[in-house]
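# Structure assessment
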Amino acid sequence: MRFALLAKDKPGALQTRLDNRDAHLAYVAETGVVEIAGPLLDAEGQMCGSLIILDVPDLATAQAWAAADPYAKAGLFGDVTLSAWKKVIG
């Protein structure tokens, strides 16, 4: 089952994102459940959030994945939404 994780960074948290980016990308690679992902960008083109599509068995697994993400552990996000998602195009 797929879940869309939409996370918006706390204001002024770009350095937190940059400091934890390598650990986040390593976590994505080692867990093997991310189908597609990338940063959200603000009007200046700076990273300000994340959109991640997870392919996991259930919501509890998606929540556990999100909680263990180094970005989440570093307190980067101000707002997080996790929703079941159905791929239709692409």
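First, a word on what this report is: a plain description of the structure on this page. Everything numeric in this text was worked out from a predicted model, so none of it was measured.

A separate point is the pattern of salt bridges. Here the structure, examined in full by the defined rule, presents three salt bridges. Linking Asp9 and Arg17 is a salt bridge whose minimum nitrogen-to-oxygen distance equals 2.8 Å. Of the two residues examined, Asp9 and Arg17, each falls in the buried class. Each of the salt bridges in this network shares a partner with another, and the network as a whole consists of Arg2, Glu35 and Lys87.

Next up on the list: the sheet that holds strand 3 (residues 47–55). To summarise the sheet geometry, strands pair through backbone hydrogen bonds and adopt either a parallel or an antiparallel arrangement. Strands sit in the order 2-3-1-4 across an open sheet of four strands; the sheet is antiparallel. At either margin of the open sheet sits one strand with a lone partner, and together these are strand 2 (34–41) and strand 4 (77–85). Adjacent strand axes in the sheet meet at a mean angle of 15° when their direction is disregarded. The pairing of strand 1 (residues 2–9) with strand 4 spans eight bridges and is antiparallel. Within strand 4, the position partnered with Asp9 by the bridge is Phe77. Its contacts with the sheet put helix 1 (residues 14–31) on strand 1, strand 2, strand 3 and strand 4, and the angle it makes with strand 3 is roughly 20°. In the packing of helix 2 (residues 59–68) onto the sheet, the strands contacted are strand 1, strand 2, strand 3 and strand 4, and the crossing angle to strand 1 comes to about 30°.

What follows is about the packing of aromatic side chains. Counted by the stated rule, this structure contains two aromatic pairs. Note on Tyr27 and Trp65: the rings are 4.8 Å apart at their centroids and 35° apart in plane angle, and the pair reads as tilted. Within this pair, whereas Tyr27 is found in helix 1, its partner Trp65 is found in helix 2, the two being separated by 38 residues in sequence. Judged by centre distance (6.1 Å) and plane angle (90°), the ring pair of Tyr71 and Phe77 falls under edge-to-face. When sorted by exposure, Tyr71 lands in the same class as Phe77, which is buried.

So, on to the nonpolar core. One recurring pattern in soluble globular proteins is that nonpolar side chains are buried together. The biggest cluster of nonpolar side chains holds ten residues, and these are Phe3, Leu5, Tyr27, Val28, Ile52, Leu54, Val56, Ala62, Trp65 and Ala66. Among the elements of the structure, strand 1, helix 1, strand 3 and helix 2 are those that each provide at least two residues to this core. Among the elements that line this core, the one with the most residues is helix 2, at three residues. Residues contacting Ala62, with those up to four places away along its chain left out, are Phe3, Leu54, Val56 and Leu82. Counting residues in hydrophobic clusters, the runner-up holds five residues, among them Ala7, Ala13, Tyr71 and Leu76.

What counts, and where the lines are drawn
Every residue gets a number counted from 1 within its own chain, in the order that chain's sequence is written. Local features are withheld for residues below a pLDDT of 70 in this predicted model, meaning they are given only at 70 or higher, and side-chain atom pairs are given and counted only at 80 or more; totals for whole chains, interfaces and linings count all residues. Neither water nor hydrogens contribute to the side-chain values; these are computed over all heavy atoms in the structure. When a carboxyl oxygen of Asp or Glu lies within 4 Å of a side-chain nitrogen of Lys or Arg, that pair is called a salt bridge. For the exposure calls, accessible area comes from a 1.4 Å probe over protein chains only, and a residue counts as buried if that area is under 20% of its type's maximum, exposed if over 50%, partly exposed in between. By this definition, two strands are paired if DSSP reports at least two bridges between them. A helix here means a DSSP run of H or I that spans at least four residues, while a strand means a run of E at least two residues long, and both kinds are numbered starting from the N terminus. In this analysis, axes come from line fits to C-alpha atoms, helices being fitted only over the stretch in contact, and the angle between any two N-to-C directions falls in the range 0 to 180 degrees. Between two residues, a contact is recorded if the distance between any of their heavy atoms is within 4.5 Å. The pairing test for Phe, Tyr and Trp rings, Trp by its six-membered ring, is centres within 6.5 Å, and the orientation test on the planes gives stacked under 30 degrees, edge-to-face over 60, and tilted for anything in between. By nonpolar core is meant a set of buried Ala, Val, Leu, Ile, Met, Phe, Trp, Tyr and Cys residues that side-chain atoms within 4.5 Å join together.

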